[in-house]
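Chains, contacts and geometry: an overview
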Amino acid sequence: EAQVTQNPRYLITVTGKKLTVTCSQNMNHEYMSWYRQDPGLGLRQIYYSMNVEVTDKGDVPEGYKVSRKEKRNFPLILESPSPNQTSLYFCASSLKGPGFGANEKLFFGSGTQLSVL
Amino acid sequence: GQNIDQPTEMTATEGAIVQINCTYQTSGFNGLFWYQQHAGEAPTFLSYNVLDGLEEKGRFSSFLSRSKGYSYLLLKELQMKDSASYLCAVSRNSGNTPLVFGKGTRLSVIA
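Model, not experiment: these values are computed from the prediction.

When you go through chain B residue by residue, the secondary structure sums to zero helices and 11 strands. Ordered by position in the sequence, the α and β elements of chain B form the string β-β-β-β-β-β-β-β-β-β-β. In chain B, buried positions account for 50% of the 111 residues. Here the contacts in chain B between residues at least 6 apart in sequence split such that 55% fall between residues at least 24 apart. If you sum the accessible surface of chain B, you get close to 5300 Å²; carbon and sulfur atoms cover 48% of it.

As structure tokens, this is what we get:
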């Protein structure tokens, strides 16, 4: 089944304890992206990757890191989480990146609800 | 800057028709997506419009007017399961210009 797999689904942690949220897609998509979603603010892009070894900042990159060593995987790393990073996180992928019309259609993972105490 | 406006909330009755509007002002335009998102779940794709006019897909239709910077999603024969948030997102030109999402419209379908 074609899907974006994101883990964990729920995560509670404490300030300063490094964590990684994993994301994997099995559709051979070139483009992958991370979003956070907060009430009243909608989806905001954290980082994106146009292809392997190519990553770039989105609108809210501070406090996050990513890597794209393989096409299928795009983990999100919080080196030193803080309470303002408490949010619902989504990984997404698409066949192609921006400007490719319908091929820019995003497929989303099931989300990670992160709470930083 | 990039600006997408949608109503924050709407309420409609089961069996009725509802129209969710989206206006946009963006640098560059390639097409417009609509996504559905149930509470606590991932957004899922509903439609994509690149040309002016109405695209019909079952109970859901989406309309685009490029000259007016305007789109709407039309939901017919509303069902309780249609209670969700509906997000419009604008595709811009190529390069470092990812999709711009509106904040979403939360639709409540009541009996």
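Next comes the rest of the description.
A few words now on the interface of chain A and chain B. Much of the literature gives interface size as the accessible area that the parts lose upon coming together. Listed per partner, the contact involves 24 residues of chain A and 22 residues of chain B. Summed over both partners, the interface of chain A with chain B comes to about 1700 Å²; 59% of that surface belongs to carbon and sulfur atoms. Connecting chain A to chain B are zero salt bridges. When grouped by side-chain class, the residues that make up the side of chain A that touches chain B number 12 nonpolar, eight polar and four charged.

Next up on the list: a nonpolar patch on the surface. A cluster of nonpolar side chains, I12, V14 and L117 of chain A, forms an exposed patch at the surface whose accessible area comes to about 330 Å². The residue V14 of chain A is located in the loop between β2 (10-13) and β3 (19-25) in this model.

Attention now goes to the layout of surface pockets. Approximately 980 Å³ is the volume found for the largest pocket. Around the largest pocket, the lining comprises 42 residues; the ones closest to its centre are L41, G42 and L43 of chain A together with G102 and K103 of chain B. The set of elements that each furnish at least two residues to the lining of the largest pocket consists of β4 (31-38) and β5 (42-51) of chain A together with β1 (3-5), β9 (84-91) and β10 (100-101) of chain B. Examining the composition of the lining of the largest pocket, we find that five residues originate from one element, β5 of chain A, more than from any other. Of the residues assigned to the lining of the largest pocket, the class counts are 15 nonpolar, 17 polar and 10 charged.

Our focus in this paragraph is the side chain of R68 of chain A. Residue and element names in this part refer to chain A. Relative to the elements of secondary structure, R68 occurs in the loop between β7 (65-66) and β8 (76-78). The side chain of R68 is buried and forms no salt bridge, while E30, the nearest opposite charge, is found at 8.0 Å. At a separation of 2.9 Å, a polar atom in the side chain of R68 contacts the main-chain carbonyl oxygen of E30.

Turning our attention to the sheet that holds strand β8 (residues 70-75) of chain B. Residues and elements named next belong to chain B. Pairing in this open sheet of five strands is antiparallel, and the strands run β1-β3-β8-β7-β6 from one edge to the other. What marks the edges here is a single partner per strand, and that holds for β1 and β6 (53-57). Each strand of the sheet is rotated relative to its neighbour by a mean of 15°, with strand direction disregarded.

For the coordinates displayed, the defined rule picks out eight salt bridges over all chains. Between D38 of chain A and R44 of chain A there is a salt bridge, and its shortest N-O distance comes to 2.9 Å. Assessed through its relative accessible area of 11%, D38 of chain A is described here as buried. Of the charged contacts, one joins E56 of chain B and K76 of chain B as a salt bridge, the two residues approaching to 3.6 Å between their closest N and O atoms. Of the two residues, E56 of chain B sits in strand β6 while K76 of chain B sits in the loop between β8 and β9, which places them 20 residues apart along the sequence. Residue classification places E56 of chain B among the exposed residues on the basis of a relative accessible area of 56%. With relative accessibility at 27%, the residue K76 of chain B sits in the partly exposed group.

So, on to the pairing of β9 of chain B. All names here are of chain B. Most of β9 sits inside the fold, with eight of its eight residues counted as buried. In this structure, strand β4 (residues 31-37) lies alongside β9, joined through seven bridges in antiparallel fashion. In the strand pairing of β9, L32 is matched with V90. The pairing of β9 with strand β11 (residues 105-110) spans three bridges and is classified as antiparallel. Looking at the pairing, Y86 lines up with T105 of β11. For β9 and β10, the ladder comprises two bridges, and the chain directions are antiparallel. Looking at β10, one finds that V90 is bridged to V100.

Cut-offs used in this document
Numbering of residues starts from 1 in each chain and follows the order in which that chain's sequence is written. Each chain is given a letter, starting from A, and each ligand a number, starting from 1, according to the order in which they appear as written. The model is predicted, so local features are restricted to residues of pLDDT at least 70 and side-chain atom pairs to those at 80 or more, both for listing and for counting; the totals for chains, interfaces and linings are taken over all residues. Excluding hydrogens and water, the side-chain figures rest on all heavy atoms present in the structure. A run of DSSP states H or I qualifies as a helix once it reaches four residues; a run of E qualifies as a strand once it reaches two. Both are numbered from the N-terminal end. Exposure classes here rest on a 1.4 Å probe applied to the protein chains alone. A residue is buried below 20% of its type maximum, exposed above 50%, and partly exposed in between. A contact between two residues is defined here by any heavy atoms of the two lying within 4.5 Å. Using the Shrake-Rupley algorithm and a 1.4 Å probe, accessible areas are obtained, with residue cover drawn only from the displayed protein chains. As used here, buried area is the combined drop in accessible area, with a 1.4 Å probe, of two parts when they are placed together. Any carboxyl oxygen of Asp or Glu within 4 Å of a side-chain nitrogen of Lys or Arg constitutes a salt bridge here. Here the nonpolar group is Ala, Val, Leu, Ile, Met, Phe, Trp, Tyr, Cys and Pro; Asp, Glu, Lys and Arg are the charged ones; every other residue, Gly included, is treated as polar. Here a patch means residues that are over 30% exposed by relative accessible area and free of salt bridges, tied together within 9 Å if like-charged and within 5 Å if nonpolar (Val, Leu, Ile, Met, Phe, Trp, Tyr). Lining residues are those with an atom within 4 Å of a point, where the points come from a 1 Å grid over the protein atoms alone and group into cavities, where a 1.4 Å probe fits but cannot get out, or pockets, open sets with protein on both sides within 12 Å along at least five of seven lines. Grid points are joined across faces, edges and corners, and a volume is the space filled by probe spheres set on the points. Neither His nor the chain ends is counted toward charge; the positive residues are Lys and Arg and the negative residues Asp and Glu. Polar contact criterion, stated in full: a pair of N or O atoms within 3.5 Å, where within protein one must be able to donate a hydrogen and the other to accept it, and residues adjacent in sequence count only if both atoms are side-chain atoms. Pairing between strands is defined by DSSP: at least two bridges between them are needed. To obtain an axis, a line is fitted to C-alpha atoms, over the contacting stretch when the element is a helix, and the angle between two such axes runs from 0 to 180 degrees between their N-to-C directions.

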